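# Topology and contacts: notes
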Amino acid sequence: RITDVSEDSPQAISNHLVCPTTDIEPCGWKDISEEECGKKGCCARTERCEQVDMDMPGMDIAFVYNVSSWDECAKLCKLDAGCTYWTWVSARYTIDTTLLNKCHLKSMYMGGVETTGLISGGADCDNTKCFKKVESKPMKTDANGMIIAPSPGEAKLKI
């Protein structure tokens, strides 16, 4: 389906939209489900912002037990106005297994300490981001509207 034709000669036909590889233009807000992002005609992309095997000791303002993932811990931090950082205890933590799945909400960052099984991050760290799709190498037409063939292997037309 042709979505846009430029006014310039030769004309560019835009019919191939892809998820951007860099954060070009957000499509809504952060922390959106892939399903909701898709409904907006956009694409969801998981990004890594968590620090694996990193503790952020001290400055705890609260803690929550039975938190299923680091992403859930990050969401709890985002909901707490006083929280700016968090640390979550994963199943890989072997020093004290009674602390597994515990989320520590923190008021500030006082430095990190490498610790196997702990995952930490900032309040703005979330798992899914939603972006507008971008055009990938549009096809070009000549003055008569005929498609100018790309170099071999550069593009494929799917009918």
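Above this text you will find the structure in question.
Let us look at the structure shown here. Since the model is a prediction, treat every value here as computed from it, not as a measurement. (Residues numbered from 1 in each chain as written. Predicted model: local features only at pLDDT ≥ 70, side-chain atom pairs only at ≥ 80, totals over all residues. Heavy atoms only, no water.)

## Some thoughts on the side chain of His104
The topology assignment puts His104 in strand 8 (residues 103-106). In terms of polar contacts, His104 uses its side chain to reach the side chain of Asp60, at 2.8 Å. Discounting chain neighbours no more than four positions away, the residues touching His104 are Asp60, Ala62, Phe63, Cys73, Tyr85, Trp86, Thr87 and Val89. (Helix = DSSP H or I, 4+ residues; strand = E, 2+ residues; numbered from the N terminus. Polar contact = N/O pair within 3.5 Å; in protein donor to acceptor, adjacent residues only side chain to side chain. Contact = heavy atoms within 4.5 Å.)

## Some details on the pattern of salt bridges
Scanning all chains against the criterion turns up four salt bridges. Here Asp60 makes a salt bridge to Lys106, at a shortest N to O gap of 2.4 Å. Taken as a pair, Asp60 in strand 6 (residues 60-64) and Lys106 in strand 8 lie far apart in primary sequence, 46 residues in all. The buried category is assigned to Lys106, whose relative accessible area is 2%. (Salt bridge = Lys/Arg side-chain N within 4 Å of Asp/Glu carboxyl O. Buried < 20%, exposed > 50% of the residue type's maximum accessible area, 1.4 Å probe, protein only.)

## Describing the state of the cysteines
Across all of its chains, the model carries two disulfides by this definition. Put simply, Cys73 and Cys103 are joined by a disulfide, and their sulfur atoms are 2.0 Å apart. What sets the handedness of the Cys73 and Cys103 disulfide is the S-S torsion sign, and at about 80 degrees it is right-handed. Taken together, the residues span a long stretch of sequence, with Cys73 in helix 2 (residues 70-79) and Cys103 in strand 8 at a distance of 30 residues. Under the relative-accessibility criterion, Cys103 is labelled buried at 0%. With its sulfur 2.0 Å from that of its partner, Cys77 forms a disulfide with Cys83. Because the sign of the S-S torsion sets the handedness, a value of about -100 degrees for the bond joining Cys77 and Cys83 places this disulfide among the left-handed ones. (Disulfide = S-S within 2.5 Å.)

## Re the packing of aromatic side chains
Overall, the coordinates contain three aromatic pairs when judged by the stated rule. Ring geometry for Phe63 and Tyr65: centres 5.5 Å apart, planes at 85 degrees, overall edge-to-face. Take Phe63: its relative accessible area is 46%, and that puts it in the partly exposed class. Take Tyr65: its relative accessible area is 44%, and that puts it in the partly exposed class. Consider the rings of Tyr85 and Tyr109, whose centres lie 5.3 Å apart with planes at 40 degrees: the pair is tilted. One end of the pair, Tyr85, is in strand 7 (residues 85-89); the other, Tyr109, is in the loop between strand 8 and strand 9 (113-122), and 24 residues separate them in sequence. Judged by relative accessible area, Tyr85 falls into the partly exposed class, the value being 28%. (Phe/Tyr/Trp six-rings, centres within 6.5 Å; stacked < 30°, edge-to-face > 60°.)

## Brief notes about helix 2
Restricting attention to buried positions, one finds in helix 2 the residues Trp70, Asp71, Cys73, Ala74 and Cys77. Projected down its long axis, helix 2 carries its buried residues within an arc of 160 degrees, all on one side. (Arc of directions from axis to C-beta.)

## Some words on a nonpolar patch on the surface
A cluster of nonpolar residues, Met59, Met108 and Met110, forms a patch on the protein surface that exposes about 290 Å² of accessible area. Within the element layout of this structure, Met59 appears in the loop between strand 5 (51-55) and strand 6. Judged by relative accessible area, which is 32%, Met59 ranks as partly exposed. (Patch = residues over 30% accessible without salt bridge, like charges linked within 9 Å, V, L, I, M, F, W, Y side chains within 5 Å. Areas by Shrake-Rupley, 256 points an atom, 1.4 Å probe, with all protein chains shown as cover.)

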